Amino acid sequence: DAGITQSPRHKVTETGTPVTLRCHQTENHRYMYWYRQDPGHGLRLIHYSYGVKDTDKGEVSDGYSVSRSKTEDFLLTLESATSSQTSVYFCAISPGQGPPRHFGPGTRLTVT
Amino acid sequence: QKEVEQNSGPLSVPEGAIASLNCTYSDRGSQSFFWYRQYSGKSPELIMSIYSNGDKEDGRFTAQLNKASQYVSLLIRDSQPSDSATYLCAVNNTGGFKTIFGAGTRLFVKA
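Residues numbered from 1 in each chain as written. Chains lettered and ligands numbered in written order. Predicted model: local features only at pLDDT ≥ 70, side-chain atom pairs only at ≥ 80, totals over all residues. Heavy atoms only, no water.

## As for the interface of chain B and chain A
Taken together, the contacts link 21 residues of chain B with 19 residues of chain A. Between chain B and chain A lies a buried interface of about 1,500 Å² when both sides are counted; carbon and sulfur atoms form 53% of it. Of all residues in chain B, the largest losses of buried area upon contact with chain A belong to Phe-97, Lys-98 and Phe-101 of chain B, amounting jointly to 29% of the total for that side. Viewed at the interface, chain A and chain B are joined by 0 salt bridges. For the interface between chain B and chain A, the tally reads 4 residue pairs in polar contact (both at pLDDT 80 or more). At the level of secondary structure, the elements contributing two or more residues to the side of chain B that touches chain A comprise β4 (32-38), β5 (45-50), β9 (85-92) and β10 (99-101) of chain B. For the side of chain B that touches chain A, the per-class residue count stands at 10 nonpolar, 8 polar and 3 charged. (Contact = heavy atoms within 4.5 Å. Buried area = accessible area lost by both parts, 1.4 Å probe. Salt bridge = Lys/Arg side-chain N within 4 Å of Asp/Glu carboxyl O. Polar contact = N/O pair within 3.5 Å; in protein donor to acceptor, adjacent residues only side chain to side chain. Helix = DSSP H or I, 4+ residues; strand = E, 2+ residues; numbered from the N terminus. Nonpolar A, V, L, I, M, F, W, Y, C, P; charged D, E, K, R; others polar.)

Shown next as C-alpha coordinates:
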(Lines give C-alpha, C1' and ligand atoms only; values in the text may rest on other atoms or scores of the structure.)
Protein backbone atom coordinates (compact mmCIF):
# COMPACT_ATOMS: atom_id res chain seq x y z
CA ASP A 1 0.00 0.00 0.00
CA ALA A 2 1.09 3.53 -0.75
CA GLY A 3 2.31 5.42 2.28
CA ILE A 4 -0.54 7.80 2.93
CA THR A 5 -2.23 8.36 6.27
CA GLN A 6 -4.99 10.61 7.49
CA SER A 7 -5.74 11.89 10.97
CA PRO A 8 -8.02 11.79 12.73
CA ARG A 9 -9.93 8.86 11.26
CA HIS A 10 -13.15 9.83 12.98
CA LYS A 11 -14.27 13.12 14.44
CA VAL A 12 -17.46 14.54 15.87
CA THR A 13 -17.60 18.28 16.29
CA GLU A 14 -20.14 21.00 16.89
CA THR A 15 -21.40 23.55 14.42
CA GLY A 16 -19.26 26.67 14.36
CA THR A 17 -16.03 25.09 15.57
CA PRO A 18 -12.87 25.01 13.43
CA VAL A 19 -11.61 21.60 12.38
CA THR A 20 -8.29 20.57 10.83
CA LEU A 21 -7.71 17.29 9.04
CA ARG A 22 -4.21 16.10 8.27
CA CYS A 23 -2.88 14.09 5.37
CA HIS A 24 0.65 12.69 5.50
CA GLN A 25 2.46 10.88 2.66
CA THR A 26 5.80 9.12 2.48
CA GLU A 27 5.85 8.74 -1.34
CA ASN A 28 7.31 12.18 -2.11
CA HIS A 29 4.49 12.77 -4.61
CA ARG A 30 4.13 16.30 -5.91
CA TYR A 31 0.33 16.43 -6.12
CA MET A 32 -1.99 16.11 -3.13
CA TYR A 33 -5.77 16.37 -3.11
CA TRP A 34 -8.66 16.65 -0.70
CA TYR A 35 -11.98 15.12 -1.73
CA ARG A 36 -15.27 14.70 0.07
CA GLN A 37 -17.59 11.79 -0.63
CA ASP A 38 -21.33 11.97 -0.07
CA PRO A 39 -24.10 9.58 -1.16
CA GLY A 40 -25.35 10.42 -4.63
CA HIS A 41 -22.50 12.84 -5.34
CA GLY A 42 -19.46 10.66 -5.56
CA LEU A 43 -16.07 12.20 -4.92
CA ARG A 44 -15.88 15.98 -5.18
CA LEU A 45 -12.60 17.87 -5.21
CA ILE A 46 -12.23 20.47 -2.46
CA HIS A 47 -8.67 21.73 -2.95
CA TYR A 48 -5.48 20.40 -4.39
CA SER A 49 -1.77 21.18 -4.19
CA TYR A 50 0.84 20.92 -6.92
CA GLY A 51 3.81 21.70 -4.70
CA VAL A 52 4.86 23.20 -1.39
CA LYS A 53 2.84 26.36 -0.82
CA ASP A 54 1.12 25.89 -4.22
CA THR A 55 -2.59 25.21 -3.91
CA ASP A 56 -5.75 25.73 -5.95
CA LYS A 57 -9.48 25.42 -5.47
CA GLY A 58 -11.62 22.52 -6.53
CA GLU A 59 -15.33 22.35 -7.24
CA VAL A 60 -16.55 22.61 -3.62
CA SER A 61 -14.00 24.86 -1.90
CA ASP A 62 -16.31 27.27 -0.05
CA GLY A 63 -15.84 26.99 3.72
CA TYR A 64 -12.53 25.15 3.39
CA SER A 65 -8.91 26.23 3.36
CA VAL A 66 -5.71 24.26 2.91
CA SER A 67 -2.02 24.58 3.60
CA ARG A 68 1.04 22.70 2.48
CA SER A 69 4.28 23.76 4.16
CA LYS A 70 6.10 20.48 3.52
CA THR A 71 5.95 17.99 0.65
CA GLU A 72 4.61 15.27 2.92
CA ASP A 73 1.82 17.14 4.70
CA PHE A 74 -1.42 18.64 3.38
CA LEU A 75 -3.85 20.15 5.87
CA LEU A 76 -7.55 20.79 5.32
CA THR A 77 -9.27 23.29 7.63
CA LEU A 78 -12.96 23.83 8.02
CA GLU A 79 -13.01 27.39 9.25
CA SER A 80 -16.41 27.17 10.96
CA ALA A 81 -17.94 23.72 10.61
CA THR A 82 -21.53 23.38 9.41
CA SER A 83 -23.80 20.34 9.27
CA SER A 84 -23.51 20.34 5.46
CA GLN A 85 -19.82 19.50 5.91
CA THR A 86 -20.66 16.16 7.51
CA SER A 87 -18.98 13.77 5.11
CA VAL A 88 -16.17 11.33 4.51
CA TYR A 89 -12.99 13.15 3.54
CA PHE A 90 -10.33 11.48 1.44
CA CYS A 91 -6.82 12.66 0.80
CA ALA A 92 -5.15 11.47 -2.39
CA ILE A 93 -1.72 11.76 -3.96
CA SER A 94 -0.23 11.61 -7.42
CA PRO A 95 3.35 11.91 -8.74
CA GLY A 96 2.28 14.27 -11.51
CA GLN A 97 -0.67 15.95 -13.15
CA GLY A 98 -3.50 13.54 -13.84
CA PRO A 99 -5.81 11.36 -11.80
CA PRO A 100 -5.24 10.72 -8.11
CA ARG A 101 -3.15 7.54 -7.91
CA HIS A 102 -3.52 6.60 -4.27
CA PHE A 103 -6.11 7.47 -1.67
CA GLY A 104 -5.77 7.66 2.07
CA PRO A 105 -8.04 5.65 4.37
CA GLY A 106 -10.48 8.53 4.85
CA THR A 107 -11.76 10.62 7.75
CA ARG A 108 -15.40 10.41 8.78
CA LEU A 109 -16.45 13.83 10.05
CA THR A 110 -19.77 14.46 11.76
CA VAL A 111 -20.86 18.02 12.52
CA THR A 112 -23.70 18.19 15.06
CA GLN B 1 -26.70 17.56 -16.32
CA LYS B 2 -23.91 16.06 -14.24
CA GLU B 3 -20.47 16.10 -15.82
CA VAL B 4 -19.99 12.35 -15.33
CA GLU B 5 -23.05 10.11 -15.07
CA GLN B 6 -23.34 6.53 -13.95
CA ASN B 7 -26.28 4.32 -13.10
CA SER B 8 -26.17 3.93 -9.32
CA GLY B 9 -27.30 0.30 -9.45
CA PRO B 10 -27.09 -2.07 -7.80
CA LEU B 11 -26.09 -4.19 -10.75
CA SER B 12 -26.44 -7.83 -9.81
CA VAL B 13 -24.75 -10.58 -11.85
CA PRO B 14 -24.16 -14.28 -11.16
CA GLU B 15 -20.65 -15.56 -10.52
CA GLY B 16 -18.84 -16.27 -13.76
CA ALA B 17 -20.90 -13.82 -15.83
CA ILE B 18 -19.75 -10.63 -17.54
CA ALA B 19 -20.51 -7.44 -15.64
CA SER B 20 -20.91 -4.34 -17.79
CA LEU B 21 -20.59 -0.92 -16.16
CA ASN B 22 -21.32 2.23 -18.12
CA CYS B 23 -20.50 5.91 -17.87
CA THR B 24 -21.23 9.02 -19.94
CA TYR B 25 -19.50 12.39 -19.72
CA SER B 26 -20.40 15.88 -20.87
CA ASP B 27 -17.03 17.56 -21.60
CA ARG B 28 -16.34 16.72 -25.22
CA GLY B 29 -12.73 17.87 -24.84
CA SER B 30 -11.93 15.26 -22.17
CA GLN B 31 -8.89 13.17 -23.01
CA SER B 32 -8.29 10.79 -20.11
CA PHE B 33 -10.65 8.31 -18.50
CA PHE B 34 -10.35 6.14 -15.43
CA TRP B 35 -12.09 3.46 -13.42
CA TYR B 36 -11.74 3.13 -9.67
CA ARG B 37 -12.98 0.33 -7.46
CA GLN B 38 -14.17 1.07 -3.93
CA TYR B 39 -15.04 -1.65 -1.46
CA SER B 40 -17.58 -0.79 1.20
CA GLY B 41 -16.00 1.33 3.92
CA LYS B 42 -12.68 1.55 2.08
CA SER B 43 -10.94 4.10 -0.09
CA PRO B 44 -11.04 4.09 -3.91
CA GLU B 45 -8.27 2.37 -5.88
CA LEU B 46 -7.36 3.09 -9.48
CA ILE B 47 -7.83 -0.04 -11.61
CA MET B 48 -7.95 1.11 -15.25
CA SER B 49 -6.94 4.06 -17.39
CA ILE B 50 -7.85 4.60 -21.05
CA TYR B 51 -6.87 7.46 -23.32
CA SER B 52 -7.85 6.51 -26.89
CA ASN B 53 -10.91 5.10 -28.60
CA GLY B 54 -11.32 1.35 -28.51
CA ASP B 55 -10.64 -1.32 -25.92
CA LYS B 56 -7.95 -1.75 -23.32
CA GLU B 57 -7.63 -5.08 -21.56
CA ASP B 58 -5.99 -5.88 -18.24
CA GLY B 59 -6.63 -9.38 -16.97
CA ARG B 60 -10.35 -9.87 -16.49
CA PHE B 61 -11.02 -6.15 -16.95
CA THR B 62 -11.64 -4.38 -20.26
CA ALA B 63 -12.17 -0.64 -20.53
CA GLN B 64 -13.92 0.66 -23.64
CA LEU B 65 -13.95 4.25 -24.87
CA ASN B 66 -16.08 5.92 -27.54
CA LYS B 67 -15.32 9.64 -27.63
CA ALA B 68 -17.85 10.36 -30.36
CA SER B 69 -20.63 9.07 -28.12
CA GLN B 70 -18.91 10.38 -24.95
CA TYR B 71 -19.20 6.93 -23.45
CA VAL B 72 -16.86 4.83 -21.31
CA SER B 73 -17.50 1.31 -20.09
CA LEU B 74 -15.85 -1.32 -17.94
CA LEU B 75 -16.37 -5.01 -18.57
CA ILE B 76 -15.48 -7.56 -15.93
CA ARG B 77 -15.25 -11.09 -17.28
CA ASP B 78 -15.72 -14.17 -15.13
CA SER B 79 -17.10 -12.03 -12.32
CA GLN B 80 -16.25 -13.16 -8.80
CA PRO B 81 -17.92 -12.34 -5.47
CA SER B 82 -14.73 -10.45 -4.60
CA ASP B 83 -15.56 -8.04 -7.45
CA SER B 84 -18.58 -6.83 -5.46
CA ALA B 85 -17.85 -3.14 -4.91
CA THR B 86 -18.75 0.31 -6.13
CA TYR B 87 -17.07 1.27 -9.41
CA LEU B 88 -16.35 4.94 -9.99
CA CYS B 89 -15.88 6.41 -13.44
CA ALA B 90 -13.60 9.45 -13.60
CA VAL B 91 -12.73 11.87 -16.37
CA ASN B 92 -9.97 14.46 -16.68
CA ASN B 93 -11.45 17.73 -17.84
CA THR B 94 -10.21 19.64 -20.86
CA GLY B 95 -6.65 20.64 -20.05
CA GLY B 96 -6.25 17.66 -17.74
CA PHE B 97 -5.99 19.66 -14.54
CA LYS B 98 -8.92 18.24 -12.63
CA THR B 99 -10.45 14.78 -12.39
CA ILE B 100 -14.23 14.65 -12.16
CA PHE B 101 -15.86 11.58 -10.65
CA GLY B 102 -19.20 9.97 -11.25
CA ALA B 103 -21.30 8.89 -8.26
CA GLY B 104 -20.47 5.23 -8.88
CA THR B 105 -22.27 2.00 -9.72
CA ARG B 106 -22.68 -0.67 -7.07
CA LEU B 107 -21.93 -4.16 -8.37
CA PHE B 108 -23.06 -7.29 -6.59
CA VAL B 109 -21.77 -10.66 -7.78
CA LYS B 110 -23.87 -13.54 -6.52
CA ALA B 111 -22.08 -16.80 -5.66
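## Here's the deal with unusual backbone geometry
The omega angle of the peptide bond from Ser-7 of chain A to Pro-8 of chain A is -10 degrees, so this bond is cis rather than trans. Here Pro-8 of chain A is to be found in the loop between β1 (4-7) and β2 (10-13). Cis geometry is found at the peptide bond from Gly-9 of chain B to Pro-10 of chain B, where omega equals 10 degrees. Position of Pro-10 of chain B relative to the elements: it lies in the loop between β1 (4-5) and β2 (11-14). Positive phi, close to 70 degrees, is recorded for Lys-53 of chain A, a residue that is not glycine. With respect to the element layout, Lys-53 of chain A can be found in the loop between β5 (42-51) and β6 (54-57). On the basis of relative accessibility, which here comes to 65%, the residue Lys-53 of chain A falls in the exposed class. (Buried < 20%, exposed > 50% of the residue type's maximum accessible area, 1.4 Å probe, protein only.)

## Describing the environment of Ala-68 of chain B
Positionally, Ala-68 of chain B belongs in the loop between β7 (61-66) and β8 (71-76). Sequence separation between Ala-68 of chain B and Asn-53 of chain B is 15 residues, and the spatial gap between their C-alpha atoms is 8.9 Å.

## Some thoughts on the environment of Lys-57 of chain A
Position of Lys-57 of chain A relative to the elements: it lies in strand β6. For the pair formed by Lys-57 of chain A and Leu-21 of chain A, sequence separation is 36 residues and the distance between their alpha carbons is 17 Å. Here Lys-57 of chain A is in contact with Ile-46, His-47 and Tyr-48 of chain A together with Lys-98 of chain B, once residues within four sequence places are set aside.

## Some details on the packing of aromatic side chains
Following the criterion strictly, the structure yields 14 aromatic pairs over all chains and no others. Seen from their ring centres, Phe-103 of chain A and Tyr-36 of chain B are 5.9 Å apart, and the 85 degrees between their planes marks the pair as edge-to-face. Here the residue Phe-103 of chain A occupies a position in strand β10 (residues 102-103), and Tyr-36 of chain B occupies one in strand β4, the pair thus bridging two chains. Accessibility classification places Phe-103 of chain A together with Tyr-36 of chain B in one group, the buried group. Taking 5.1 Å as the distance between ring centres and 50 degrees as the angle between the ring planes, the aromatic pair formed by Tyr-36 of chain B and Phe-101 of chain B counts as tilted. A residue pair is termed long-range when its members are at least 10 positions apart, and Tyr-36 of chain B in strand β4 and Phe-101 of chain B in strand β10 qualify at 65 residues. (Phe/Tyr/Trp six-rings, centres within 6.5 Å; stacked < 30°, edge-to-face > 60°.)

## Considerations on the state of the cysteines
All names here are of chain A. A full pass over the atoms with the stated rule returns 2 disulfides over all chains. Disulfide pairing is shown between Cys-23 and Cys-91; the S-S distance is 1.9 Å. Between Cys-23 and Cys-91, the S-S dihedral sits near -75 degrees, and the bridge is therefore left-handed. Of this pair, Cys-23 sits in strand β3 (residues 19-25) while Cys-91 sits in strand β9 (residues 87-94), placing them 68 residues apart in sequence. (Disulfide = S-S within 2.5 Å.)

## A word on the nonpolar core
Counting residues in hydrophobic clusters, the biggest one holds 24 residues, and the most contacted among them are Trp-35, Val-72, Leu-74, Ile-76 and Tyr-87 of chain B. Listed by contribution, the elements that provide at least two residues to this core are β3 (19-25), β4, β5, β7, β8, β9 and β11 (105-110) of chain B. Discounting chain neighbours no more than four positions away, the residues touching Leu-74 of chain B are Ala-19, Ser-20, Leu-21, Trp-35, Ile-47, Met-48, Phe-61, Thr-62, Ala-63 and Tyr-87 of chain B. Core analysis: the second largest hydrophobic core is formed by 19 residues, Ile-46, Ala-81, Cys-91 and Ile-93 of chain A among them. (Core = buried A, V, L, I, M, F, W, Y, C linked by side-chain atoms within 4.5 Å.)

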